[in-house]
Amino acid sequence: MNPISFLTQMIRIAVPYLFAASGGVVAERAGIVSLTLEGFMLSGAFAAVLGTNYSGSPWVGVLCGILGGLIFSLIHAVATIRYRADQVVVGVAINLLAIGVTRFFLKLFFASSSNSPRVAGFGGNINVAGFDNPLLWLGIIVAPVMAFVIYKTPFGLRVRAVGEHPDAAESVGVSVTRVRYVAVAISGMLAALGGVYLALDQHQFTDQMTAGRGFIAISAVIFGRWDPIRAALACLLFAAAETLQIQLQGSHAIPSQFIEMIPYALTIIALAGVVGRAVPPAALGKVED
Amino acid sequence: MTEGVQPTFTAAPWRERAQEALIPPLVALLVALICGDLLILSYGQSPAAVYRLLLEGTWGNAYGFGQVLYKATTLAFTGLAVSFGLRAGLFNIGGESQLAAGGFGAALMGLALPVGTPLILALLVCMIAAGLAGGVVGAVPAYLKTRFGAHEVIVTIMLNFIVLALLNWFIAGHLHVPETLHTPEIHAGVLPRLADIDPRFHGSAANLALIVAVLVAFAVWFYLFRARGGYELRAVGLQPQAAEYGGISVGRVWMRALTFSGVIAGIGGINYVLGYKHYYEDGFASGAGFLGIAVALVGRNHPLGVLVAAFFFATLSQGGLAIHAFVPKQMMDVLQGVVILAVAMAVPEVRRILRGARGRSDA
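To keep things clear, this report deals only with the structure shown in the data block. (Residues numbered from 1 in each chain as written. Chains lettered and ligands numbered in written order. Predicted model: local features only at pLDDT ≥ 70, side-chain atom pairs only at ≥ 80, totals over all residues. Heavy atoms only, no water.)

## As for unusual backbone geometry
Residue and element names in this part refer to chain A. In this structure, H203 is a non-glycine residue whose phi angle is positive, near 60 degrees. With respect to the secondary-structure elements, H203 resides in the loop between α8 (176–202) and α9 (213–223). Backbone geometry at W226 places phi at a positive 60 degrees, although glycine is not the residue there. Locating W226 in the fold gives a position in the loop between α9 and α10 (228–247). (Helix = DSSP H or I, 4+ residues; strand = E, 2+ residues; numbered from the N terminus.)

## Remarks on the packing of aromatic side chains
Under the criterion given, the structure shown has 25 aromatic pairs over all chains. Measuring from ring centre to ring centre gives 6.0 Å for A:F104 and A:F105, while their planes differ by 65 degrees; the resulting arrangement is edge-to-face. By relative accessible area, which is 29% here, A:F105 ends up partly exposed. Here the aromatic rings of B:Y280 and B:F284 are separated by 5.7 Å at their centres, their planes lie at 85 degrees, and the arrangement is edge-to-face. Just as B:Y280 is buried, B:F284 falls in that class too. By way of ring pairs, the aromatic residues A:F258, B:Y70, B:F104, B:W169, B:F170, B:Y272, B:Y276, B:Y280 and B:F284 are connected into one cluster. Between A:R82 and the ring centre of A:Y83, over which it is positioned, the NZ or CZ distance is 4.3 Å. The cationic tip of B:K145 hangs over the ring face of B:W254; the distance from NZ or CZ to the ring centre is 4.7 Å. (Phe/Tyr/Trp six-rings, centres within 6.5 Å; stacked < 30°, edge-to-face > 60°. Buried < 20%, exposed > 50% of the residue type's maximum accessible area, 1.4 Å probe, protein only. Lys NZ or Arg CZ within 6 Å of the ring centre and 35° of its normal.)

## Some words on the pattern of salt bridges
Applying the stated criterion to the full structure yields ten salt bridges over all chains. Where B:E349 meets A:R82, a salt bridge forms, and the shortest distance between an N and an O atom there is 3.6 Å. Within this pair, whereas B:E349 is found in helix α15 (residues 330–362), its partner A:R82 is found in helix α3 (residues 58–82), the two belonging to separate chains. Residue A:R82 is classed as partly exposed on the basis of its relative accessible area of 41%. (Salt bridge = Lys/Arg side-chain N within 4 Å of Asp/Glu carboxyl O.)

## A few points about the side chain of A:S22
Residues and elements named next belong to chain A. Within the secondary structure, S22 is located in helix α1 (residues 3–29). Using a relative accessible area of 4% as the deciding quantity, one classes S22 as buried. Not counting the four nearest positions on each side in its chain, S22 is found in contact with V142, A143, M146 and L190. (Contact = heavy atoms within 4.5 Å.)

## Some remarks on the packing of helix α5 (residues 119–148) of chain B against helix α11 (residues 250–267) of chain B
Residue and element names in this part refer to chain B. One can describe the packing of α5 onto α11 by two numbers: an axis separation of 6 Å at closest approach and a directional angle of 145 degrees. Of the two possible hands of crossing, α5 and α11 adopt the one that is right-handed. Between α5, through M127, A130, G131, G134, G135, G138, A139, P141, A142, Y143, K145 and T146, and α11, the contact on the second element is made entirely by G251, W254, M255, L258, T259, G262, V263, G266 and I267. Looking at the contact of α5 with α11 residue by residue, the class counts come to eleven nonpolar, nine polar and one charged. (Axes fitted to C-alpha atoms, helices over the stretch in contact; angles between N-to-C directions. Left-handed = near helix turned anticlockwise from the far one by under 90°. Nonpolar A, V, L, I, M, F, W, Y, C, P; charged D, E, K, R; others polar.)

## A look at the side chain of A:S187
Structurally, A:S187 can be placed in helix α8. Beyond its immediate chain neighbours, meaning those up to four positions away, A:S187 contacts A:G23, A:G24, A:A27 and A:F40.

## Description of the environment of B:L119
Residues and elements named next belong to chain B. Locating L119 in the fold gives a position in helix α5. Note: C-alpha distance between L119 and V190 (71 residues apart in sequence) is 7.5 Å. Here L119 is in contact with G189, V190, L191 and P192, once residues within four sequence places are set aside.

Printed below as a string of structure tokens:
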């Protein structure tokens, strides 16, 4: 096994996770459950293909993708913050809605129930293994940037305060509602970028193409104990396992299904506290009347 | 009222409780109808004509109605499973894998039984196998929650992926008919179909599991509202600290609630395996577990409501096929999401409005 090709493949697989997990960290640190990452990614992927298809420019696609994720995240925010709906239920609804809406529009715009036509993408120089894609580089730096935002900026301080102790934050003049709206919107746009990368990398949208990646991202958030850098490392770990599975294909050393399970099993172990208990933000998922 | 504001400890009157239960689903239905109109218009079709087609294709003929009943059966099981957990304050998102595990258990038992086993016996044994398989999957988050405080939502989601991957490995690697992803046909436990009783249902998959679903719904109702264990379960769901103080072991109730939630979803596997295909096929659950959450939510966690909601969502799903020539059936996927979202938003809102009105009239 060539270590360079292993590493590059791992990073390419990790990029969608890195975007989505960074988004998940922000929303969850603000106290809003992020079971919606899957839906945000899917809507971002579809909107990016739609935009690229009609404009011919992947950059327009990126903007459309961000907008798609933003729309879904605002639905999520209005339902959970304004209407105080159960965040888990809304999460399930958003994911189903994203599947439904992308399927319906796939049919409406492209007259297909499985995939869009081929669209333009970034890069394409086969000698650099996908590293001429600006989104890939953005994905590599997104976690450190989020860490800076969360730990070093006033906004990040507010996010953490709102997620740990909303009443205290409110009492010193922080608008809990506004911080949460912004945090959820950021999570929607970032997760959508993960979907955008995926779709433009494959040059098309296919039905349910995110295939559970949003849930791997949420696993990384939990396994990384709600810290952007540790969540990013978890993303890399999960991506490494996947790369291993791909490179071992055909050797039958370990059934691929068992490698698929690794992120999920590690998350359960982390939650059960076998090695250093994962403790969520105190106000996560709580609705105050 | 010279004493100032009197605290009110009385339970809400039944009228208000009925309003609180029924208004959100009705609001959701209205919102879904409006969204449906927009989607149909975006396709350049007439909403009235499409809705008529939908009703004709579902409730208007025996085959369509049979298909609705078949789909409603699985949803009733997964919906009952979710609502059983929610009554204890626990969110079981593992319906998808519990249903699949149950179907797998039923198929294994159906394969193990000798040909010619009496139907009642075979059904019972297969149901036990299905319930056990689902119950084992449900017991894992129950144990992790009780023992370590691990949140059941995340654990059940993660377990979905793990269990489905395990089942896939088992089927793909060990127990499939060549060139397929399903087991051989079961030897015993094939359930009679509705069409065997009334030939007008010919071709539809509705079968005896429908009766089992209704019986399970009744059993859940009896347990929740007429048995001591159900009283404890609901007490824990309303206020765990108070229940603990009242002498109820919250951990034990959690164990019971999530495990039996898994059992109920698991038994749902018989509808497909014993009633329809007569084998276990990889991926047969295909979203029915997640829709169970919608069914429980719209059915307001009451067994009767769950049956009605299961029927409603089954109608949507079958209705999609009926209108497909004019508007893509994918429209129904959108409407499912819209309904869940609308109910989730309307439930707390309606409660606040009703409580607010009561607060004013009491003063």
